[in-house]
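Below are the chains, spelled out letter by letter.
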Amino acid sequence: MQMVTELEVYQAGVLTVIGFGGREILDDLNFADCREELAELVREHDCTSLAFDLTGVRLISSDLLGIIASTQCQGIEVHLFNPSGDIREMLEITRLDKFLYVHEIDI
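Anyway, here's the lowdown on the structure attached to this text. Bear in mind the structure is a predicted one, so any value in this text is a computation, not a measurement.

1. Some details on the nonpolar core
Considering soluble globular proteins, one finds that nonpolar side chains tend to be buried as a cluster.
Thinking step 1. Counting 29 residues, the largest nonpolar core has F20, F52 and L80 as its most contacted members.
Thinking step 2. Within the residue set of this core, elements represented by two or more residues are α1 (31–45), β4 (49–53), α2 (62–73), β5 (77–81) and α3 (85–94).
Thinking step 3. In this view, L80 contacts F52, L54, I68, L91, L100, Y101, V102 and H103; residues no more than four positions away in its chain are not counted.

Written out as structure tokens, the structure reads:
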């Protein structure tokens, strides 16, 4: 598993899978660094699909939600693995559930 400053990269390539180290609440992330790391991963690996493993994460901030949405707007297919009920509700309220792929999977 490759470690980067704010994110854990489980797989890098055309499909890149990212996790958050088992943190329940992601309000302590440096979002500028996250945005930069994601952009670098996309460029470096010609990534066309980005998956966020949200297993164990209860809440995400609006900043992270913005990063996820802006990634989708750049033409990168975004998948969310195992979002909590609260995160699913936030996705429904913001209507991002219509644009992002949400999956329940065993990791």
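2. As for the pattern of salt bridges
Thinking step 1. Going through the model one piece at a time under the given rule, you end up with three salt bridges.
Thinking step 2. Here R88 and E104 are joined by a salt bridge, their closest N and O atoms 2.7 Å apart. Remark: E104 occurs in the segment after β6 (101–103) and R88 occurs in helix α3; sequence separation between them is 16 residues.
Thinking step 3. Owing to a relative accessible area of 30%, R88 belongs among the partly exposed residues under this scheme.
Thinking step 4. Here D97 makes a salt bridge to K98, at a shortest N to O gap of 4.0 Å.
Thinking step 5. Judged by relative accessible area, which is 61%, K98 ranks as exposed.

3. Focus: the pairing of strand β3 (residues 15–19)
Thinking step 1. By the criterion of burial, β3 is predominantly enclosed, with four of the five residues buried.
Thinking step 2. As paired elements, strand β2 (residues 8–11) and β3 share three bridges and run antiparallel to each other. Looking at the pairing, V9 lines up with I18 of β3.
Thinking step 3. The hairpin turn running from β2 into β3, its antiparallel successor, is three residues long.
Thinking step 4. Bridging between β3 and β4 involves four bridges; their strand directions are parallel. Note on β4: the bridge partner recorded for I18 is F52.
Thinking step 5. In this fold, the crossover linking β3 to β4 by way of α1 has right-handed handedness.

4. Describing the packing of aromatic side chains
Thinking step 1. In this structure the tally under the stated criterion is one aromatic pair.
Thinking step 2. Ring geometry for F20 and F52: centres 6.3 Å apart, planes at 10 degrees, overall stacked. Residue F20 is located in the loop between β3 and α1, and its partner F52 is located in strand β4; the two are separated by 32 residues in the primary sequence.

Conventions we followed
- Residues numbered from 1 in each chain as written.
- Predicted model: local features only at pLDDT ≥ 70, side-chain atom pairs only at ≥ 80, totals over all residues.
- Heavy atoms only, no water.
- Core = buried A, V, L, I, M, F, W, Y, C linked by side-chain atoms within 4.5 Å.
- Buried < 20%, exposed > 50% of the residue type's maximum accessible area, 1.4 Å probe, protein only.
- Helix = DSSP H or I, 4+ residues; strand = E, 2+ residues; numbered from the N terminus.
- Contact = heavy atoms within 4.5 Å.
- Salt bridge = Lys/Arg side-chain N within 4 Å of Asp/Glu carboxyl O.
- Pairing = 2+ DSSP bridges.
- Right-handed = clockwise from strand over helix to strand, strands pointing away.
- Phe/Tyr/Trp six-rings, centres within 6.5 Å; stacked < 30°, edge-to-face > 60°.

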